[in-house]
Amino acid sequence: MATDKTQSPTSLSEQGDAALYGDMNNVDPQLIKSYLRKVDLHLIPLAYTMYFFSVIDRNNIGNAKVAGMDTHLGLHGSQFNWVVSAFFFTYIFCEVPSNMMLKKVGPRLWIPFIAVCWSVLVGCLAAAKSYGTLVVVRVLMGVFEAGFVPGFIYMTSFWYTKRQQAPRLALFFSSGMFAGIWAGPLAERLQKINGSLMGYQYIFIIEACVTVGIAIIMAIVWQNYPETATFLTEKEREAALRMLASDKALSPKASYSPKQVFKALSDWTVWAYAIIFWAAAMGGTTQAIFGPTLIEAMGYKSTSAQVLSAVPSACGFASQIIAMFLPRLYPRFSVWIMIFSTLACVFYAILACVHSPHVRFTFLCLSSLALSPNMPLVTVWMSSNVLGVTKKGVASACTVMLGGIAGLIGAHIYRSQDSPQYKFGHVFNSVCNGIIFLIALALHFYFRYENRRRDNDDSSLYARTLTENEAEELCDERPDHRYTL
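Residues numbered from 1 in each chain as written. Predicted model: local features only at pLDDT ≥ 70, side-chain atom pairs only at ≥ 80, totals over all residues. Heavy atoms only, no water.

**Q** Just to check I follow, could you spell out the overall build of the protein chain for this structure?
**A** When its secondary structure is counted, the protein chain shows 23 helices and zero strands. The buried share of the protein chain, taken over its 485 residues, is 60%. Sequence-distant contacts in the protein chain: of pairs separated by 6 or more residues, those separated by 24 or more amount to 83%. As presented, the protein chain carries roughly 18400 Å² of accessible surface, and 65% of it is formed by carbon and sulfur atoms. (Helix = DSSP H or I, 4+ residues; strand = E, 2+ residues; numbered from the N terminus. Buried < 20%, exposed > 50% of the residue type's maximum accessible area, 1.4 Å probe, protein only. Contact = heavy atoms within 4.5 Å. Areas by Shrake-Rupley, 256 points an atom, 1.4 Å probe, with all protein chains shown as cover.)

**Q** What's the story with the side chain of serine 319 in this structure? I'm lost.
**A** Along the polypeptide, serine 319 turns up in helix α15 (residues 310–323). When its relative accessible area of 4% is taken as the criterion, serine 319 is described as buried. Apart from the residues within four sequence positions on either side, serine 319 is in contact with Ser368, Leu369, Ser372 and Pro373.

**Q** Would you take a moment to explain the packing of helix α2 (residues 29–66) against helix α11 (residues 234–246) for this structure?
**A** The description of two helices packed together rests on the angle between their axes and the distance between the axes. Where α2 contacts α11, the two axes come as close as 9 Å, and the packing angle between them is 95 degrees. Classified by the angle their axes make, α2 and α11 are roughly perpendicular. Each of Leu31, Ile32, Ser34, Tyr35 and Lys38 in α2 lies in contact with α11, whose residues at this interface are Lys235, Glu236, Ala239, Ala240, Met243 and Leu244. Looking at the contact of α2 with α11 residue by residue, the class counts come to seven nonpolar, one polar and three charged. (Axes fitted to C-alpha atoms, helices over the stretch in contact; angles between N-to-C directions. Parallel < 35°, antiparallel > 145°, perpendicular 65-115°, else oblique. Nonpolar A, V, L, I, M, F, W, Y, C, P; charged D, E, K, R; others polar.)

**Q** In this structure, what is going on with the nonpolar core? I would like to understand it.
**A** A general feature of soluble globular proteins is that nonpolar side chains tend to end up buried together. Core analysis: the biggest nonpolar cluster contains 146 residues, and Met69 and Trp159 have the highest contact counts within it. In terms of residue count, α2 provides more of this core than any other element does, 17 residues in total. If sequence neighbours within four positions are ignored, methionine 69 has contacts with Ile61, Ala64, Leu75, Phe80, Leu134, Tyr200 and Phe204. (Core = buried A, V, L, I, M, F, W, Y, C linked by side-chain atoms within 4.5 Å.)

**Q** Would you mind going over the environment of aspartate 57 with me for this structure?
**A** Turning to its location among the elements, aspartate 57 is positioned in helix α2. Owing to a relative accessible area of 0%, aspartate 57 belongs among the buried residues under this scheme. Measuring from C-alpha to C-alpha, the distance between aspartate 57 and valine 122 comes to 6.5 Å, with 65 residues separating the pair along the chain. Among residues more than four places away in sequence, those in contact with aspartate 57 are Trp118, Ser119, Val122, Arg138, Met141, Glu207, Ala208 and Thr211.

Spelled out as structure tokens, the structure:
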């Protein structure tokens, strides 16, 4: 029976990943090392780049506003806020159906397809002539972009063990913050293009074209599953499948299970992860969209605000990279999440109270530094604890779905009437991080209780008699499963 000891995620070091499985019977660790090297090379760079531009495509509406879009189109009052939030109305509801389509069609075709669709719509924003057109295009963007993040999380469950998945997802999410570093300076350059269009229109058109190009490359390079990957040798494939089976990784052979859908939707821990993701995404989303606006309200000029918005994102990017390795120092996801949420809660509270522009900018950066690690940490925590092909797919989508709700709500917490202090928005984010702390604490004690209960039950014999299908249907309730704290 598995022990209660929580294992820490590995780094991207192939040698380290291979060493984890060096004691597997009849499996050459060099084959595992070769497998991981090839899979990382085929999947991670393109996924990282695509997420980079998906975040830019989603949030460049904020850069376009600073570049003069709202004035050119005559937006007034809260209309810009509704343009921002329109994206999330459909983003919220399309994530679960998108993951179901991914399982049916395969990630190699489905993810590039939705990427082309949303990027074409981003280009259409440049042609919008009214508030209504902006809203319609943003609503359609949400339909297609909804599937990318939960789809990639789900996809990695077929290629990596839980320990291998952790640092790769952390690296994946850091791309969002990396996009924040470059979004402002890139927009500042694009809006200065001398041509027949307005500066903000070049932001939409050029960034959309880049995303289309990446999607085409992705459709050529990506493979669906290890079982059918043409870049693997038969020995590498056999070794990898044994490794994945020993870790209870997902198998593409498993069929869709309505029972597991119900299990996911009725499991309170799935929604607990999702609420943590929502609360963490609240800060990240609002800083990405309103960062230039908040900095401009501190007294900086428009172009300076675009460039300076990269600094908080750089702080968040650095903290997400560090978060990849923290569970190796102390292998408790819940504890790290509570530490970062406490810091973010305090920093946002200070940000709401101070008036000096330089102090406000400093704490805006510190807030980004503290809030950014919790999104990858809770995603890896969820992926480590949820078993079952269908249940994990639904759980991944539900987790990111509530992140979409963060965008929907976040679009309205930094209101124009609160300028220049924007106290309401900062207090709101402070409270969100307090909620993260309480939920992580509750999950920590629940999982510790459940692990001890299973340790005390003599169920090891029963676990060994389960068939593969029976174990699959039990999901994370199978008696040999232990939760990561």
